[in-house]
Amino acid sequence: MVKWTVIQKQRLQELGASAKQLANSFNSEQERNSAYQKTERDLVDKGKEALLTYRQNIKKPALLDLESRLAQALISAGFAQVSTPILLSKGLLAKMTITEDKPLYKQVFWVDSSKCLRPMLAPNLYYILKDLLRLWPSPVSIFEIGPCFRKDTQGGNHLKEFTMLNLVEMGLPEKDRSNRLKELAELVMDAAGLKHYDLVTEISDVYGETIDITAGEIELGSAAMGPHVLDQQWDINVPWVGIGFGMERLVMVKEGYKNVQKAGRSLSYMHGIRLNI
Ligand code: ATP
Ligand code: MG
């Protein structure tokens, strides 16, 4: 039996071939090569059609559409949206205990000796929460959706630039934390149109313990609770819950993409479709 060549398989994958198409085998190379030509042509036609549908009806990247739907859902649930700088100081990163000996430190993109591209939203949210806790009645519920950057090992689930949604509720009764976390995870998953997910307890480098929101093997988000040792850096000492979601991972799972690249900012893909067709 003859299988697709590596190059054929890669091209078919890019074009969004089904698992069944990718698993095909043939009696001879000749048979395989003519099947390849036909399959490739069909997938290219399908892609062109889907791109036209995008142009005529959809007109907005799934990522941005999800971003506005999630923002609306959270605002309706009483959260306030915030927008903080993408450039982060080394000092704020250190307050998250992300120092030179930590794995995440090696993934940071430095802009100069004292500034990096933020790998997460938490340091900025902590920074403003210490003031908001003083200025607003409790609980203080805020969220940010915005770009984050990490030199992550390239794989199907990692992008160097991705979009994080981080929501935090501070100053709620301690006994309500677990329930509130579940409620907020459900709110986000609902707005993202994802019905099937699990909550799994994991060990985290930064938070000690996190509760991950997963879909099959894929981590969609990580949640944490306070009081937490990190809080001392900001003189915060109230109970809190927070969750960070990867927006591209939510889109990837919703759309059934095998690769998160199709869901992210891209020069190669639009609406999950390769442009070189
Ligand atoms: P992973 O273990 O999958 O690398 P993580 O635990 O390091 O993720 P967190 O710091 O918990 O990631 O970030 C919160 C969420 O942001 C993750 O659950 C994931 O959905 C998303 N995320 C993190 N890193 C990336 C990345 N490089 N590309 C795309 N999404 C990411
Ligand atoms: Mg995590």
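This structure is a prediction, so every number in the text was calculated from the model and none was measured.

Conventions we followed
- Residues numbered from 1 in each chain as written.
- Chains lettered and ligands numbered in written order.
- Predicted model: local features only at pLDDT ≥ 70, side-chain atom pairs only at ≥ 80, totals over all residues.
- Heavy atoms only, no water.
- Helix = DSSP H or I, 4+ residues; strand = E, 2+ residues; numbered from the N terminus.
- Buried < 20%, exposed > 50% of the residue type's maximum accessible area, 1.4 Å probe, protein only.
- Contact = heavy atoms within 4.5 Å.
- Lys, Arg positive; Asp, Glu negative; His and termini not counted.
- Charge placed at Lys NZ, Arg CZ, Asp CG, Glu CD.
- Pairing = 2+ DSSP bridges.
- Donors = N, O, S within 2.8 Å, 3.2 Å for Na, K, Ca; no water.
- Near = heavy atom within 4 Å.
- Polar contact = N/O pair within 3.5 Å; in protein donor to acceptor, adjacent residues only side chain to side chain.
- Areas by Shrake-Rupley, 256 points an atom, 1.4 Å probe, with all protein chains shown as cover.
- Salt bridge = Lys/Arg side-chain N within 4 Å of Asp/Glu carboxyl O.
- Phe/Tyr/Trp six-rings, centres within 6.5 Å; stacked < 30°, edge-to-face > 60°.
- Lys NZ or Arg CZ within 6 Å of the ring centre and 35° of its normal.
- Expected span 1.5 Å × (residues − 1).
- Bend = angle between axes of the 7 residues up to and from the residue.
- Axes fitted to C-alpha atoms, helices over the stretch in contact; angles between N-to-C directions.

Turning next to the overall build of the protein chain. Summing up its helical and strand segments, the protein chain has eight helices and 11 strands in all. Expressed along its principal axes, the backbone C-alpha trace of the protein chain runs to roughly 70 × 40 × 30 Å. Going through the 277 residues of the protein chain one by one, you find that 44% of them count as buried. Contacts in the protein chain between residues far apart in sequence, at least 24 positions, make up 65% of those at least 6 positions apart. Between the mean site of the 35 positive side-chain charges and the mean site of the 33 negative ones, the protein chain shows a separation of 6 Å.

This part is about the pairing of strand β9 (residues 240-246). Taking burial as the measure, the seven residues of β9 include seven buried ones, the bulk of the element. Here β9 shows two buried faces, one formed by Trp240, Gly242, Gly244 and Gly246 and the other by Val241, Ile243 and Phe245. Pairing geometry for strand β5 (residues 161-170) and β9, over seven bridges, is antiparallel. Bridging from a neighbouring strand, Val168 pairs with Gly242 of β9.

A few words now on the coordination of the magnesium ion (ligand 2). Protein-derived ligands of the magnesium ion (ligand 2) are Glu219 (OE) and Ser222 (OG), with the metal-ligand distances lying across 2.2 to 2.3 Å. Given a relative accessible area of 34%, Glu219 falls into the partly exposed group.

So, on to the site of ligand 1. Taken together, 14 residues are adjacent to ligand 1, and Asp152, His158, Leu159, Glu219 and Leu220 come closest. One of the side-chain N or O atoms of Asp152 is found 2.7 Å from a nitrogen atom in ligand 1. Contact distances for ligand 1 include 3.0 Å between an oxygen atom and a side-chain N or O atom of Ser222. Alone, ligand 1 offers 580 Å² of accessible surface; in the complex the protein occludes 78% of this. Mapped by element, the contributors of at least two residues to the shell around ligand 1 are β5, β8 (218-226) and β9. No other element matches β8, which puts four residues into the shell around ligand 1.

The topology assignment puts Asp212 in strand β7 (residues 208-215). Lacking a salt bridge, the buried Asp212 has Arg249 as its closest oppositely charged neighbour, with an N-O distance of 8.0 Å. Apart from residues lying up to four places away in sequence, Asp212 is in contact with Asp198, Leu199, Val200, Glu202, Glu219, Gly221 and Ser222.

Turning to the packing of aromatic side chains, a few remarks are in order. Throughout the structure, instances matching the rule amount to five aromatic pairs. Ring geometry for Trp4 against Tyr36: centres 6.1 Å apart, planes inclined by 70°, an arrangement best described as edge-to-face. Taken together, the residues span a long stretch of sequence, with Trp4 in the segment before α1 (6-14) and Tyr36 in helix α3 (residues 29-58) at a distance of 32 residues. Under the relative-accessibility criterion, Trp4 is labelled buried at 8%. Under the relative-accessibility criterion, Tyr36 is labelled buried at 17%. Centroid distance Tyr126 to Trp234: 4.3 Å. Interplanar angle 5°. Geometry classified as stacked. Taken together, the residues Tyr126 in helix α6 (residues 122-135) and Trp234 in the loop between β8 and β9 connect sequence positions 108 residues apart. An aromatic cluster of at least three residues, connected via ring pairs, comprises Trp4, Phe26 and Tyr36. Sitting over the ring of Trp234, Lys95 keeps its end group 5.0 Å from the ring centre. The positively charged end of Lys151 is found above the aromatic ring belonging to Phe109, 5.3 Å away from the centroid.

Given a rise of 1.5 Å per residue, 14 residues ought to cover 20 Å, and the 19 Å separating the end C-alpha atoms of α6 matches this to within 8%. At Leu129, α6 shows its largest bend, some 30°. For α6, the full list of buried residues reads Ala122, Pro123, Asn124, Leu125, Tyr126, Leu129 and Leu132. On its buried face, α6 sits against β2 (87-89), α5 (90-95), β4 (140-149), β5 and β9.

Right, let's get into the sheet that holds β4. Reading across from one edge, β1-β4-β5-β9-β8-β7-β6 is the order of the seven strands in this open sheet, with mixed pairing throughout. For this open sheet the edge positions go to β1 (80-81) and β6 (198-204), each flanked by a neighbour on one side alone. Against the sheet, helix α7 (residues 177-191) makes contact with β5, β6, β7, β8 and β9, and its axis sits at roughly 25° relative to β9, the strand it touches most. Its contacts with the sheet place helix α8 (residues 247-255) against β4, β5, β7, β8 and β9, and it is angled at close to 140° to β8.

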